[in-house]
Amino acid sequence: MTKAIIVSLLLVAACSAVNLRPIFGILTSPSTFEGHDDPANQAYINGAFNQIIEAGGCRTAPVAWDMDTNDLNTLLGYLNGIAISTNFYDQWSEDVLNRYKAVISTILGVAKSQTDSGNPFPVFVMGDGIPLALNYFLSDNLLSSFDASGATTLSIVSTSDTFRLLTDDVVSEI
C-alpha cells in the first residue's frame, strides 16, 4: 500500500513538472511545397525545427504567420518565447513577404518591450529567418556600434592544460 502511494505521488509530481516547462511559439511559414496552389493559404513548420525547441525542454505551440496584430499580441502574452525559422522566402510573392515581415516586426517589437520591462522574452531565429529579422534590427538602429581597433590578439600558451593531449609541434602550429 505504501509503495502504491509513493508511486502515485511520483507520477503526480512528474506530470505537474511536465506542465511547468516554458511554452515557445513557433512561427509558421507560408508553404512552398509543390501541389499547394496558393502558398499564402498553407502554413508549414519544419518538424526538425520543432524537435530542436522541444529538445531544449520547451513545449511548442504554432503561431500562424497570417494572424492579425491583435490576436498575435494576445497569443504572445501567453508564450515564454518564440522561434522563427523560414525556408524559401525568395519564392513568395511580394505581398506574402511583406505580410510576413510585418508579423516578424510585431513579434520582435513585443519581445523588445517585454524584455525592456524586465520580463525576458527570448527569440530564437534560424535559417532564412535571420535576414528577415535583421531587417527589423537594422531599420530601428537597435544594434550598437562596435569598434575592434583596440582588440588584442589571442595568445596561446603551450603549457596550457587545454593542449595537454597535443604534441608540442601541433601546439606550435596553432
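Below is a summary of the structure that appears in this document. (Residues numbered from 1 in each chain as written. Predicted model: local features only at pLDDT ≥ 70, side-chain atom pairs only at ≥ 80, totals over all residues. Heavy atoms only, no water.)

Turning our eyes to something else, we now look at the packing of aromatic side chains. For the coordinates displayed, the defined rule picks out two aromatic pairs. With centroids separated by 5.9 Å and ring planes inclined at 10 degrees, the aromatic side chains of F49 and F124 adopt a geometry described as stacked. Of this pair, F49 sits in helix 2 (residues 47–55) while F124 sits in strand 6 (residues 123–127), and the two are 75 residues apart along the sequence. Relative to Y100, the ring of W65 lies with its centre 6.2 Å away and its plane at 45 degrees, an arrangement referred to as tilted. Of this pair, W65 sits in the loop between strand 4 (59–63) and helix 3 (69–78) while Y100 sits in helix 4 (residues 94–116), and the two are 35 residues apart along the sequence. Take W65: its relative accessible area is 1%, and that puts it in the buried class. Owing to a relative accessible area of 0%, Y100 belongs among the buried residues under this scheme. (Phe/Tyr/Trp six-rings, centres within 6.5 Å; stacked < 30°, edge-to-face > 60°. Helix = DSSP H or I, 4+ residues; strand = E, 2+ residues; numbered from the N terminus. Buried < 20%, exposed > 50% of the residue type's maximum accessible area, 1.4 Å probe, protein only.)

Turning next to the pattern of salt bridges. Under the defined criterion, the tally for this structure stands at two salt bridges. The shortest N-O distance in the salt bridge between D95 and R99 comes to 3.7 Å. Highlighted residues: D95 and R99, both in helix 4, separated by four residues, approximately one helical turn. Ionic pairing is found between D116 and K112, a salt bridge with its closest N-O pair at 2.8 Å. One end of the pair is D116 and the other is K112, both in helix 4 and four residues apart, which spans about a single turn. Accessibility expressed as a relative area gives 57% for D116, which makes it exposed. Judged by relative accessible area, K112 falls into the partly exposed class, the value being 35%. (Salt bridge = Lys/Arg side-chain N within 4 Å of Asp/Glu carboxyl O.)

Applying the stated rule across the entire model yields one cavity of 30 Å³ or more. Taken as a whole, the largest cavity encloses approximately 60 Å³ of empty space. Along its surface, the largest cavity is lined by eleven residues, and S29, Y44, I45, N46 and S85 are the ones closest to its centre. Looking at the lining of the largest cavity, the elements that each hand over two or more residues are strand 1 (23–27) and strand 5 (81–86). A per-class count over the lining of the largest cavity returns five nonpolar, six polar and no charged. (1 Å grid on protein atoms, 1.4 Å probe; cavity = no way out; pocket = protein on both sides within 12 Å on 5 of 7 lines; lining within 4 Å. Points joined across faces, edges and corners; volume = space filled by probe spheres on them. Nonpolar A, V, L, I, M, F, W, Y, C, P; charged D, E, K, R; others polar.)

Take helix 2 next. Each turn of an α-helix holds 3.6 residues, which means side chains three or four residues apart point in the same direction. Sitting at the head of helix 2, N46 places a side-chain oxygen 2.9 Å from the backbone nitrogen of A48. With its phi angle positive at about 95 degrees, G57 sits one or two positions after the end of helix 2. (Polar contact = N/O pair within 3.5 Å; in protein donor to acceptor, adjacent residues only side chain to side chain.)

Spatially, the four strands line up as an open sheet ordered 4-1-5-6, and their pairing is parallel. Lying at the two open borders of the sheet, with one neighbouring strand each, are strand 4 and strand 6. On average, adjacent strands in this sheet sit at an angle of 25 degrees to one another, irrespective of strand direction. Here strand 5 runs beside strand 6; their pairing, made up of five bridges, is parallel. Considered in strand 6, the bridge of S85 is made with M126. Of the strands in this sheet, strand 1, strand 5 and strand 6 touch helix 4, which is tilted by about 155 degrees from strand 5. (Pairing = 2+ DSSP bridges. Axes fitted to C-alpha atoms, helices over the stretch in contact; angles between N-to-C directions. Contact = heavy atoms within 4.5 Å.)

With that settled, the discussion passes to the nonpolar core. Counting residues in hydrophobic clusters, the biggest one holds 21 residues, and the most contacted among them are L27, L76, Y100, I104 and I107. Contributions of two or more residues to this core are made by helix 3, strand 5, helix 4 and helix 5 (129–139). Here this core gets nine residues from one element, more than from any other, and that element is helix 4. Discounting chain neighbours no more than four positions away, the residues touching I107 are L27, L72, L76, I82 and I84. (Core = buried A, V, L, I, M, F, W, Y, C linked by side-chain atoms within 4.5 Å.)

Don't take any of this as a statement about function, it's just geometry.
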